[in-house]
Amino acid sequence: MKKHKKNRNVAIVGIGQTHHSSHREDVNQPEMIHEAVELALKDAGIGIEDVDALVHGNMELFEMVHQPDLWHVIGTGGYGKACYRVTTGGTTGATIVGVGDNIVASGLHDIVMIIGFEKQQEGHTTGGITNMADPLWARNLQTGALTGATAEKTINEFGADRAKRAAMRLRVTLDKHASLNPHAHRNFGLDYDQIDDLMVNSPQLVGELRLIHMCSQSDGAVAIILACEEKAKKISKKPVWIRDHVTVHREETFNMFGINENQEVTHHNAARKLFGRNGITNPREYFDVFEMYDPSSWWGLDWLREFLQLEGDEHLKMVENDEVSINGSFPLNPSGGVISTNPIGATAALRVAEAALQVRGDAGAHQIPREVKHALASGFGGTFWTVLFMLEKDLDWQEAE
Amino acid sequence: MTEENKHCYIKEGKLALPYQYFAGRIGSKFLVSLRDKKKILGVKCEKCGKVFIPPRKTCERCFEDISEKWVELSNEGEVTNFTVVRTDDKHHPRKAPYVLAMIKLGGADTPIAHILDGVDPDSVKIGMKVKAVFADKAVNTMLQIDRFEPVK
Amino acid sequence: MAKYFDVSVEDIFNTMEARFRVEGAKGVNAVLAYDISGDGGGKWLVEVRDDSVKVAKTDDLSGFSVKTSADAETFVGVNIGKIDGTQAFMSGKIKIEGDMALVAASAKMFTRYSLPKKSAVTVQGIFDTLVARFQPQNAAGLDISVGYDITGDGGGQWTAVLKDGKCALETGLRDNCAVVNSVKAKDYIDLILGKLDPMVAMGSGRLKLKGDMNVAMQLPKIFAKFEPPKEEEEQELIVIKRNISVDMKYSTGPVMGKFFEGLIEKKILANKCPKCGRMQVPPREVCAECRCWAGDMIEVGPSGTITLIEIIYYSSPDPLTGETRETPYAQVHILLDGIGKEETFWHLLKNEDLADTKKGDRVRPVWSDNRVGSVHDIIHFERIRD
Ligand SMILES: [Zn+2]
């Protein structure tokens, strides 16, 4: 089996997340972060003095405060430590885990805590995203992260009824998953018999992208502690190994809307690279769970195809046949996904955290009902920017060389 | 003008967005006390003994939860440092010139930055005794203390 | 009348005129219709005309500006804050037809329905703690019964039997009471809470004592003071609301600068990658795929073919003002004539064309008379209908 060589092996040894909600008037930003930091330290069984470095991230235009890493020190525990501040849009949560992975693997630091957060109730999410666009042109046209383009593309390809039904079925499935996750922000108690109703009656945002398809706007934070192999084995009984991660970036794609059929999107590119250099030929077979960054049900549906390198209508079938449900053959977002919980700067890190909990067997009510050895987690943001992680239960892939 | 920058222009723009900030339980208790009781509260870290203002959940050095360790501070204190703001900006709280001072209140270990009024900017001195003057209306920010003035 | 969380649907509508806020309804001219299903439901029309409101139960909901449909429990729950409105709306338990913005606006037009405040202390609650408050050391040698005749709403009759240093409570009044206290329930609660002075109560006849006055005088010692259950005082949580508005300046650079010069002359300029040949509009200094300088400017369009229409129902704030734009409106991605196949041009569609324009239709720019070199030099694109 092929392997991607890392300087040192890196494991996740501690995970902490807040409850996610749109009502966190009871805490300010550093206090909310501190909740996640304390839980992660407790989970790892170490103190803040054991942590060598912090990687802190969110999207600052969402709260309209700047240099939050500085004034969050009272919540992060960063006094006197090496701190890195990373902000890469919606991808932030994944990029901070990636930075953590890199600085531990490189030998620079042994134990690193990554912290992602967002308090979206404090800002205007759609306005914030709009203001990130090019001020001379796109800023005057953009509508945040809302677009009906993928809906239109899917409808053109598979017909309106089948496409709308599949997107809504995925929405209901993930709502059912969210109902099992006590940390999830939104859970509506949806059922499959509501599909016909919601397809028509859920209010439209842009084109066929409806309110029910779109992710929530949450307040919440997550902290993940990473350690080098030597320390990880001492700290944790169940270290989860970050086997590899890949980041793929590209020029913005607004200028290809409606004509992008032949463009390789970053998700496809990232998955191709990651699977290729690790010798994964059949990802659907190999991975036991996938925590995908799914900002809307239309994207979640379409991206299943891109990540898994599927042809034709395979991705629709996976949803139609309930393969993606928690009891199915390829569980997608047992946590409920981004669509239920979306504190943006934390969101992509939550994908890694939730995938790691699945590998540990510690996900609780939303633990998938069979052993999880190999997990996939993705981050997405900006105008196409993908980070993709593969996590392993056992440190055994290198021996196969 | 060179050939290269002949086509370069400056376009005026704006970045306008609504936002809000949640003070949280600890911050709210502090602000409500300023507003309703005209009393300044701090929190004390029992490990290192420091009294912090504004209050916060943790001591940044000891990383202890100190959110319940309230202490009442004096409304008077002394100037530990200061500067005179001599430029005007729409985001500034006063017209220039005005004094921005670091003030350590009685009972506190950390100074706060605030406006020092009622004194000629050129006669402010480090060590000067000052007292808080509270705003009449609800402000719900640090400007609930409207300004500091010298103790006569 | 069916009640949910102690409130009926009628309660909500009957108090609506009283809850109307003139300052929140300035300039509003709308008819809000409500179709509430289930037990205690019905149909109501709420007519808001600037500074007045009329609420009427009806059978005919026609002519509404916006209609809200929900089951009675959900409707009451949302109105009194027991059910999350967004959650109910998203999950389909509340349906809204017509001008959605009015629903959000109605939160400003009416103050929230508040439950009539109930006293947390009840007569029953006071007697429930009586035995526990008994102080045997102050009742040594007593062998008596004390009667309580509490009249009015929430009242009742009780007898405290004191014997051998113990206290037993019975309901009803024994005949052999040493003393009987007669008082209205409300006054009794006030006496116990110390809000009503016993002497004043007796003097004014609101508290009547029948029997042995000496026993009556000892009662405050025999029973410890009643401590009302502590109400969790809700802490005021401060939320600061602001609008940030920062003046900014942006440099066009020579490439975007030439593009803007073109717009002033009603020309759309693209630039071409010398390596892969793709065109970019608006032009970018480099081709990000070939990583090379793309300097040549070529005039394209101005007409083109739509590749995607995005109809916006939920709009973001205008970055210049922070104000929310009116919806619906449409954005179009256009393949301009002469551009090749790799690059669409992003702009707005004329509102009048919104209803019948589709992918593949031909459009042309409508130029502003006041062109300064900005995205707004083109007002929008309009459909070519020849
Ligand atoms: Zn301390």
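What counts as what
Residues numbered from 1 in each chain as written. Chains lettered and ligands numbered in written order. Predicted model: local features only at pLDDT ≥ 70, side-chain atom pairs only at ≥ 80, totals over all residues. Heavy atoms only, no water. Contact = heavy atoms within 4.5 Å. Buried area = accessible area lost by both parts, 1.4 Å probe. Salt bridge = Lys/Arg side-chain N within 4 Å of Asp/Glu carboxyl O. Polar contact = N/O pair within 3.5 Å; in protein donor to acceptor, adjacent residues only side chain to side chain. Helix = DSSP H or I, 4+ residues; strand = E, 2+ residues; numbered from the N terminus. Buried < 20%, exposed > 50% of the residue type's maximum accessible area, 1.4 Å probe, protein only. Domains from an automatic or database assignment. Patch = residues over 30% accessible without salt bridge, like charges linked within 9 Å, V, L, I, M, F, W, Y side chains within 5 Å. Areas by Shrake-Rupley, 256 points an atom, 1.4 Å probe, with all protein chains shown as cover. Pairing = 2+ DSSP bridges. 1 Å grid on protein atoms, 1.4 Å probe; cavity = no way out; pocket = protein on both sides within 12 Å on 5 of 7 lines; lining within 4 Å. Points joined across faces, edges and corners; volume = space filled by probe spheres on them. Donors = N, O, S within 2.8 Å, 3.2 Å for Na, K, Ca; no water. Tetrahedral: all angles 85-135°; square planar, octahedral: opposite > 155°, others 65-115°. Core = buried A, V, L, I, M, F, W, Y, C linked by side-chain atoms within 4.5 Å. Axes fitted to C-alpha atoms, helices over the stretch in contact; angles between N-to-C directions. Arc of directions from axis to C-beta. Phe/Tyr/Trp six-rings, centres within 6.5 Å; stacked < 30°, edge-to-face > 60°.

## Focus: the interface of chain B and chain A
On the side of chain A, 34 residues touch chain B, which itself brings 20 residues to the contact. Counting each side, the surface lost to burial between chain B and chain A is near 2300 Å², with a carbon and sulfur contribution of 64%. Linking chain B with chain A are 0 salt bridges, by the criterion used here. Summed over the shared surface of chain B and chain A, the number is 7 residue pairs in polar contact (both at pLDDT 80 or more). No other element matches strand S1 (residues 10-22) of chain B, which puts 10 residues into the side of chain B that touches chain A.

## Here's the deal with the pattern of salt bridges
Within the structure shown, the criterion is met by 65 salt bridges over all chains. Where Lys164(A) meets Glu208(A), a salt bridge forms, and the shortest distance between an N and an O atom there is 3.5 Å. With Lys164(A) in helix H7 (residues 160-178) and Glu208(A) in the loop between strand S5 (204-206) and strand S6 (209-210), this residue pair connects regions lying 44 residues apart in the sequence. In this structure Glu208(A) comes out as buried when scored by relative accessible area, which is 17%. Notably, a salt bridge pairs Lys129(B) with Glu78(B), separated by 3.2 Å at the nearest N-O pair. With Lys129(B) in strand S8 (residues 129-134) and Glu78(B) in strand S5 (residues 76-85), this residue pair connects regions lying 51 residues apart in the sequence. Through salt bridges with shared partners, one network takes in Arg162(A), Arg284(A), Asp313(A), Glu314(A), Lys317(A), Glu320(A) and Glu323(A).

## Focus: the domain arrangement of chain C
The domains assigned to chain C are domain 1 (9-109), domain 2 (123-222) and domain 3 (253-383). Each of domain 1 of chain C and domain 2 of chain C was reduced to a C-alpha centroid, and the two centroids are 49 Å apart.

## Details of the side chain of Asn278(A)
Topologically, Asn278(A) is positioned in the loop between helix H10 (266-277) and helix H11 (283-286). Looking at Asn278(A), its side chain comes within polar contact range of the main-chain oxygen of Leu274(A), at 2.9 Å.

## A closer look at a nonpolar patch on the surface
Among the surface-exposed residues, Met199(C), Met213(C) and Met217(C) lie close enough to one another that they form a single nonpolar patch of about 300 Å² accessible area. With respect to the helices, strands and loops of the structure, Met199(C) is situated in helix H8 (residues 198-203).

## A closer look at the pairing of S5(B)
All names here are of chain B. Summarising the sheet, S5 and S8 pair through 3 bridges and their orientation is antiparallel. Bridging from a neighbouring strand, Glu78 pairs with Lys129 of S8. Where S5 meets strand S6 (residues 98-105), 8 bridges bridge the pair, whose relative direction is antiparallel. Within S6, the position partnered with Asn81 by the bridge is Met102.

## Observations concerning the layout of surface pockets
There is about 1000 Å³ of room inside the second largest pocket. Looking at the second largest pocket, it is lined by 26 residues, and the ones nearest its centre are Trp71(A), Tyr21(B), Pro54(B), Met142(B) and Ile240(C). Elements that contribute at least two residues to the lining of the second largest pocket include exactly helix H1 (29-44), helix H2 (68-71) and helix H3 (73-76) of chain A, S1 and helix H1 (24-37) of chain B together with strand S11 (239-251) of chain C. No other element matches H1(B), which puts 3 residues into the lining of the second largest pocket.

## Points about the coordination of the zinc ion
Residues and elements named next belong to chain B. Protein-derived ligands of the zinc ion are Cys45 (SG), Cys48 (SG), Cys59 (SG) and Cys62 (SG), with the metal-ligand distances lying across 2.3 to 2.4 Å. Every donor counted, the 4 donor atoms about the zinc ion form angles of 103 to 116° at the centre, which fits tetrahedral coordination. In primary-sequence terms, the residues that donate to the zinc ion follow C-x2-C-x10-C-x2-C. Residue Cys48 is found in the loop between strand S2 (40-44) and strand S3 (51-52), and its partner Cys62 is found in the loop between S3 and strand S4 (70-73); the two are separated by 14 residues along the sequence. On the basis of relative accessibility, which here comes to 21%, the residue Cys62 falls in the partly exposed class.

## Here we look at the nonpolar core
Residues Ile12(A), Ile114(A), Ile224(A), Leu388(A) and Leu391(A) are the most contacted members of the largest nonpolar core, which totals 93 residues. For this core, the element with the highest residue contribution is helix H15 (residues 344-360) of chain A, accounting for 11 residues. Look past the residues within four positions of Leu391(A) in its chain and what remains in contact with it is Ile12(A), Val240(A), Trp241(A), Ile242(A), Val352(A), Ala355(A), Ala356(A), Lys373(A), His374(A) and Ala375(A). Judged by nonpolar contacts, the second largest core, of 33 residues, contains Leu136(A), Val281(C), Ile311(C) and Val332(C).

## Comments concerning the interface of chain A and chain C
Across the contact, 49 residues belong to chain A and 52 residues belong to chain C. Where chain A abuts chain C, roughly 4400 Å² becomes buried across the two surfaces, and 62% of that area is made up of carbon and sulfur atoms. Three residues, Leu136(A), Trp137(A) and Leu141(A), lead the burial of chain A against chain C; their summed loss comes to 18% of the area buried on that side. At the junction of chain A and chain C, the tally comes to 2 salt bridges.

## Considerations on the sheet that holds S4(B)
Residues and elements named next belong to chain B. Sheet architecture is open: 3 strands sit in the order S3-S2-S4, paired in antiparallel fashion. The open sheet has two edge strands, S3 and S4, and neither has a second partner. Both S2 and S3 contribute to a ladder of 2 bridges, which runs antiparallel. Across the sheet, residue Val43 finds its bridge partner in S3, namely Phe52. Sheet strands touched by H1: S2 and S4. Its angle to S2, the strand with the most contacts, is close to 150°.

## Side note on helix H4 (residues 101-109) of chain C
Residue and element names in this part refer to chain C. Every buried residue belonging to H4 is among Leu102, Ser106 and Met109, and all of these are buried. Along the axis of H4, the buried positions cluster into a sector of 55°, meaning they face one direction only. Of the exposed residues in H4, those oriented more than 90 degrees away from the buried face are Ala101, Ala104, Ala107 and Lys108. Contacts made by the buried residues of H4 are with strand S1 (29-37), strand S2 (42-49) and strand S4 (66-71).

## Side note on the packing of aromatic side chains
Summed over all chains, the structure comprises 23 aromatic pairs over all chains. Between Trp299(A) and Trp303(A) the ring centres are 5.1 Å apart and the planes differ by 15°, which places this aromatic pair in the stacked class. You can see Trp299(A) and its partner Trp303(A) sitting in helix H12 (residues 297-308), 4 residues apart, about one turn around the helix. Each member of the pair Trp299(A) and Trp303(A) is classed as buried. Plain terms: the ring middles of Phe13(C) and Phe75(C) are 5.2 Å apart, the flat faces sit at 10° to each other, and that makes the pair stacked. Here Phe75(C) lies in helix H2 (residues 72-79) and Phe13(C) lies in helix H1 (residues 9-14), a separation of 62 residues in the sequence.

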